[in-house]
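# Chain and residue survey
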Amino acid sequence: MRQFKVQIITATGIVLLAAIVSSVSVRPARAGGAIGATLVRDVENGVQDPLQSAVTVDLPNGADFSEKVLVGVPAGKRLVIESVTAYADLPSNQRPFLEIITVAGGPTGVHELVFTQENLVDRVRMVAGESIKLYADPGSSVRAFFGREGGDSNSASCHVTISGHYVTL
């Protein structure tokens, strides 16, 4: 009889222990009922479509500068340029210059990038990069104007990449 009593007490203890463990165990937290999501749009900035465009502007022997269109802005959209990177390859003793030309709000803007020298052996390799905010109006073109100082002998080139987005007006 004594052994039966011990078995009952042990069984009751195990059941109580199981109840405590199950009530304390990890469960997903709930902070109330489900909340319906409301989709919103930034009506002041319009819909944004990403853009990335690149060109290489080449200068043949005897040329000091050249220009290429990076991108034409479609009607009904404004282009916001957020990054410009470039690298130039020139003969030694020559220095590059690069301008990004945009039309925003009517007037033409000329934006110069500063190059940093990366290599100087028999040719000069220079790089430029800017986190920037430039705008271009609908129907306008964004152009890259590349030139060199210090002579026009031999060929030179500049690879230009812009990234940003279109805003639907």
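Description of the structure in this document. Since we're looking at a predicted model, the values are computed, not measured.

Reading the values: the criteria
Residues numbered from 1 in each chain as written. Predicted model: local features only at pLDDT ≥ 70, side-chain atom pairs only at ≥ 80, totals over all residues. Heavy atoms only, no water. Helix = DSSP H or I, 4+ residues; strand = E, 2+ residues; numbered from the N terminus. Buried < 20%, exposed > 50% of the residue type's maximum accessible area, 1.4 Å probe, protein only. Pairing = 2+ DSSP bridges. Axes fitted to C-alpha atoms, helices over the stretch in contact; angles between N-to-C directions. Phe/Tyr/Trp six-rings, centres within 6.5 Å; stacked < 30°, edge-to-face > 60°. Contact = heavy atoms within 4.5 Å. Salt bridge = Lys/Arg side-chain N within 4 Å of Asp/Glu carboxyl O.

## Some points on the overall build of the chain
On a plain count of helices and strands, the chain comes out with 1 helix and 9 strands. The linear arrangement of helices and strands in the chain, starting from the amino end, is α-β-β-β-β-β-β-β-β-β. In the chain, buried positions account for 30% of the 169 residues.

## With respect to unusual backbone geometry
Positioned with a positive phi, Asn93 is a non-glycine residue whose angle comes to about 70°. On the basis of relative accessible area, Asn93 is assigned to the exposed category, the value being 62%. Non-glycine residue Asn154 carries a positive phi angle of around 65°. You can see Asn154 is positioned in the loop between strand S8 (141-149) and strand S9 (156-168).

## Quick look at the pairing of strand S5 (residues 108-113)
Note: strand S4 (residues 95-103) against S5, 6 bridges, orientation antiparallel. When the sheet's bridge partners are listed, Val103 is paired in S5 with Thr108. The turn linking S4 back onto S5 is made up of 4 residues, and Gly105 within it adopts a positive phi angle of 70°.

## Side note on the sheet that holds S5
Taking strand neighbours across the sheet as the criterion, the 4 strands line up as S2-S8-S4-S5 in an open arrangement whose pairing is antiparallel. Each of the sheet's edge strands pairs with one partner strand only, and the pair in question is strand S2 (65-72) and S5. Strand-to-strand twist in this sheet, taken as the mean axis angle between neighbours without regard to direction, amounts to 25°.

## Side note on the packing of aromatic side chains
Under the counting rule described, the total for this entry stands at 2 aromatic pairs. Through successive ring pairs, a cluster of aromatic residues spans Phe65, Phe97 and Phe145.

## Re the environment of Pro50
Secondary-structure assignment places Pro50 in strand S1 (residues 48-59). Between the C-alpha atoms of Pro50 and Tyr166, which are 116 residues apart in sequence, the distance is 6.3 Å. Those residues within four positions of Pro50 in sequence are excluded, and the remaining contacts are Gly164 and His165.

## Here we look at the environment of Thr168
Within the element layout of this structure, Thr168 appears in strand S9. Taking C-alpha positions, Thr168 is 8.2 Å from Asp49, a pair spaced 119 residues apart along the chain.

## Quick look at the pattern of salt bridges
Once their charged atoms are close, side chains differing in charge can pair, the charge on each being opposite to the other. In the structure shown here, the tally under the stated rule is 3 salt bridges. The partner of Lys77 in a salt bridge is Asp49, and the shortest N-O contact between them spans 2.7 Å. On the criterion of sequence distance, the pair formed by Lys77 in strand S3 (residues 77-91) and Asp49 in strand S1 is long-range, its members being 28 residues apart. Exposure remark for Asp49: the relative accessible area of 27% places this residue in the partly exposed category. Measuring nitrogen to oxygen at the nearest pair gives 2.7 Å for the salt bridge that ties Arg143 to Glu67. Note that Arg143 is positioned in strand S8 and Glu67 in strand S2, a separation of 76 residues in sequence.

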